[in-house]
Number of protein chains: 2
Amino acid sequence: MKSKFSKNRFTQLAAFTVALTIAGTAYAQMMKPEDAIKTRKAGYAFMAWNMGKIKSQVEAPQTYKKDDVLKAAQAIAAINNSGMGALYLPGTDKDVNGEKTRVKPELFTDKEGVAKVAKAFSEAANNLVVAAESGNIDTVKTQFGQVGEQCKACHDKYRKE
Amino acid sequence: MKSKFSKNRFTQLAAFTVALTIAGTAYAQMMKPEDAIKTRKAGYAFMAWNMGKIKSQVEAPQTYKKDDVLKAAQAIAAINNSGMGALYLPGTDKDVNGEKTRVKPELFTDKEGVAKVAKAFSEAANNLVVAAESGNIDTVKTQFGQVGEQCKACHDKYRKE
């Protein structure tokens, strides 16, 4: 009797686990390709705005505000850290339902190259937060340059003109 | 002679400071209204994506991953902390050059009400990061509810249907 109960219990638990896993996976999968493109473009657009704020301050040191640059750097790093890779769903290598993308097909095949630029960008962006925390504008300027280089490295390889 | 030099020097410095301040202000002002609308919508879209990730996990605890929820919460808070208020430029209270906005005109006039919802949302979002750091899904769920309520409070008051 105990054994039978355990088996039923096991079956129930297994079914429950499967159901929940499907629910979780379903969330990622139920995103429409056009929404994935729109969302990743939104992330980059918001990063670019914050890059612009930092750029204007390192180019005009008189306008430098530590807290302003720190918050901009934190937004860039946090957006990138939140797993944008999940937004490159299959089928999002081209315009979908009017949502345009400039991504090159290579981004979906060159796993090694993509991992490399993604890692380099993440490091640069997280280091920009550290630089911004220091409050030293020269440190910020140097690290800002590093982030800019990593933006460009990825654009050159995986973004169309 | 010394006095004259000092005066010239002062005049030069003053002119330089004015030039730099204009450069800094110019950056904010040179943003086109349609770009301001596009950028704030990008920020909210990216927040919404991360809210969705947290929602799916608190609703299916089996899928809960502390690190995933933490990074999502950090993105939401950092985007909000980066000063989205600056994107509500004069003239962005309506669609501009094809860039649509659902903002109500009240957002540009009800300074007190806006400050109140902005403060409440910021507190809720920053507390969500703290909750996510705890790794306790019940704490996350409660605080996620708080953030959702603050999203809704602002939408109800300042966003058109």
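In what follows, the structure referred to is the one given above.
Here's what I pulled together on the structure shown here. Throughout, a residue's number is its position along its own chain's written sequence, starting from 1. For naming, the first written chain is A and the first written ligand is 1, with later ones following in the order written. Local features in this predicted model are restricted to residues whose pLDDT is 70 or higher, and side-chain atom pairs enter the listing and the counts only when it is 80 or higher, whereas totals over whole chains, interfaces and linings include all residues. Side-chain figures throughout are based on the complete set of non-hydrogen atoms in the structure, without hydrogens or water.

Further remarks concern the overall build of chain A. The helix and strand inventory of chain A stands at five helices and zero strands. In sequence order, the secondary structure elements of chain A are arranged as α-α-α-α-α. Burial status across chain A gives 38% buried among its 161 residues. We call two residues in contact when some of their heavy atoms are within 4.5 Å. Taking as baseline every contact in chain A between residues at least 6 positions apart, the subset at least 24 positions apart corresponds to 73%. Accessible surface area values rest on a Shrake-Rupley calculation with a 1.4 Å probe, where residue burial reflects the displayed protein chains alone. Surface accessibility of chain A: about 9,500 Å² in total, with carbon and sulfur atoms responsible for 58%. Only DSSP runs of H or I reaching four residues or more are called helices, and only runs of E reaching two or more are called strands; each is numbered from the N terminus. Between buried and exposed lies partly exposed: a residue is buried under 20% and exposed over 50% of the maximum accessible area for its type, with that area taken using a 1.4 Å probe on protein chains only.

Next up on the list: unusual backbone geometry. In this structure, Asn97 of chain A is a non-glycine residue whose phi angle is positive, near 45°. You can call Asn97 of chain A exposed: its relative accessible area is 66%.

Turning next to helix H3 (residues 66-81) of chain B. Between its first and last C-alpha, H3 of chain B extends 22 Å over 16 residues, near the 22 Å set by a 1.5 Å rise per residue. Listing the buried residues of H3 of chain B in full gives Val69, Leu70, Ala72, Ala73, Ala75, Ile76, Ala77, Ala78, Ile79 and Asn80 of chain B. Residues of H3 of chain B that are buried in the fold lie against helix H2 (33-59) and helix H3 (66-81) of chain A together with helix H2 (33-59), helix H4 (111-134) and helix H5 (137-158) of chain B. The first or second residue beyond H3 of chain B is Gly83 of chain B, which carries a positive phi of 85°. Each residue after the first adds 1.5 Å to the expected span of a helix.

Okay, the relation of the copies chain B and chain A next. Each copy is superposed on the other by least squares, with the fit set by C-alpha atoms of residues at a pLDDT of at least 70 in both. Rotating chain B by 180° and moving it 0.0 Å along the rotation axis overlays it on chain A with an RMSD of 0.0 Å. Such a combination of turn and shift is consistent with a two-fold rotation axis. Minimal C-alpha distance to the rotation axis in chain B is attained by Ala42 of chain B, lying at 2.1 Å. A symmetric contact is evident, with 100% of the interface residues of chain B recurring at the interface of chain A.

So, on to the interface of chain B and chain A. Listed by partner, the interface residues are 29 residues for chain B and 30 residues for chain A. Within this document, salt bridges are pairs made up of a side-chain nitrogen of Lys or Arg and a carboxyl oxygen of Asp or Glu, the two lying within 4 Å of each other. At the surface where chain B touches chain A, the tally comes to zero salt bridges. Identification of polar contacts relies on pairs of N or O atoms within 3.5 Å, with a donor-acceptor requirement for protein atoms, meaning one able to donate a hydrogen and the other able to accept it, and with residues adjacent in sequence counted only if both atoms are side-chain atoms. In this assembly, chain B and chain A are joined by two residue pairs in polar contact (both at pLDDT 80 or more). Sorting the residues of the side of chain B that touches chain A by element identifies helix H1 (2-29), H2 and H3 of chain B as the ones contributing at least two each. Counting residues per element, the side of chain B that touches chain A draws most heavily on H2 of chain B, at 10 residues. Ten residue types, Ala, Val, Leu, Ile, Met, Phe, Trp, Tyr, Cys and Pro, are classed as nonpolar, four, Asp, Glu, Lys and Arg, as charged, and the remainder, Gly among them, as polar. The residue inventory of the side of chain B that touches chain A, partitioned by class, reads 14 nonpolar, 13 polar and two charged.

All right, on to the nonpolar core then. To qualify as a nonpolar core, a set must consist of buried Ala, Val, Leu, Ile, Met, Phe, Trp, Tyr and Cys residues joined through side-chain atoms within 4.5 Å. Counting 58 residues, the largest nonpolar core has Ile54 of chain A together with Ile54 of chain B as the members making the most contacts within it. Secondary-structure elements contributing two or more residues to this core are H2, H3, helix H4 (111-134) and helix H5 (137-158) of chain A together with H2, H3, H4 and H5 of chain B. If we skip the residues at most four places from it in the chain, Ile54 of chain B touches Val69, Ala72, Ala73, Ile76, Leu128, Val140 and Phe144 of chain B.

Axis geometry follows a simple rule: fit a line to the C-alpha atoms, using only the stretch in contact for helices, then measure angles between N-to-C directions, giving values from 0 to 180 degrees. Relative to each other, H2 of chain A and H2 of chain B sit at 125°, their axes nearing to 8 Å. Taken together, the axes of H2 of chain A and H2 of chain B are oblique relative to one another. Our pair here, H2 of chain A against H2 of chain B, has a crossing hand that is left-handed. Counted together, Thr39, Ala42, Gly43, Ala45, Phe46 and Trp49 of chain A of H2 of chain A and Thr39, Ala42, Gly43, Ala45, Phe46 and Trp49 of chain B of H2 of chain B form the full contact between these two elements. Classifying every residue of the contact of H2 of chain A with H2 of chain B by side-chain character gives eight nonpolar, four polar and no charged. When describing relative orientation, an angle under 35 degrees is termed roughly parallel and one over 145 degrees roughly antiparallel, while 65 to 115 degrees is termed roughly perpendicular and anything else oblique. Handedness of each helix crossing follows the sense of rotation of the near helix against the far helix: counterclockwise by less than a right angle gives left-handed, clockwise gives right-handed.

What follows is about the packing of aromatic side chains. Pairing of aromatic rings covers Phe, Tyr and Trp, the last counted by its six-membered ring, and requires centre-to-centre distances within 6.5 Å; plane angles under 30 degrees mean stacked, over 60 mean edge-to-face, and any other angle means tilted. Per the stated rule, a full pass over the model turns up four aromatic pairs over all chains. In this scheme, the term charge over a ring applies when either NZ of a lysine or CZ of an arginine sits within 6 Å of the ring centre and within 35 degrees of the ring normal. Its guanidinium or amino end placed over the ring of Trp49 of chain A, Lys53 of chain A lies 3.6 Å from that ring's centre, counting from NZ or CZ.

Attention now moves to H4 of chain B. Residue and element names in this part refer to chain B. In this model, H4 (24 residues) spans 35 Å end to end at C-alpha, consistent with the 34 Å of a helix rising 1.5 Å per residue. Of the residues making up H4, those classed as buried are Gly113, Val117, Phe121, Ala124, Ala125, Leu128, Val129, Ala131 and Ala132. Against H2, H3 and H5 lie the buried residues of H4. Gly135 sits one or two residues past H4 and shows a positive phi near 75°.

Quick look at the packing of H2 of chain A against H5 of chain A now. Residue and element names in this part refer to chain A. Direction vectors running N to C along H2 and H5 enclose 140°, while the axes themselves pass 10 Å from each other. Considered as vectors, H2 and H5 are oriented oblique to each other. Judged by the twist between their axes, the crossing of H2 over H5 is left-handed. For the pair formed by H2 and H5, the contact residues are Met51, Ile54, Lys55, Gln57 and Val58 on the first element and Ile137, Val140, Lys141, Phe144, Val147, Gly148 and Cys151 on the second.

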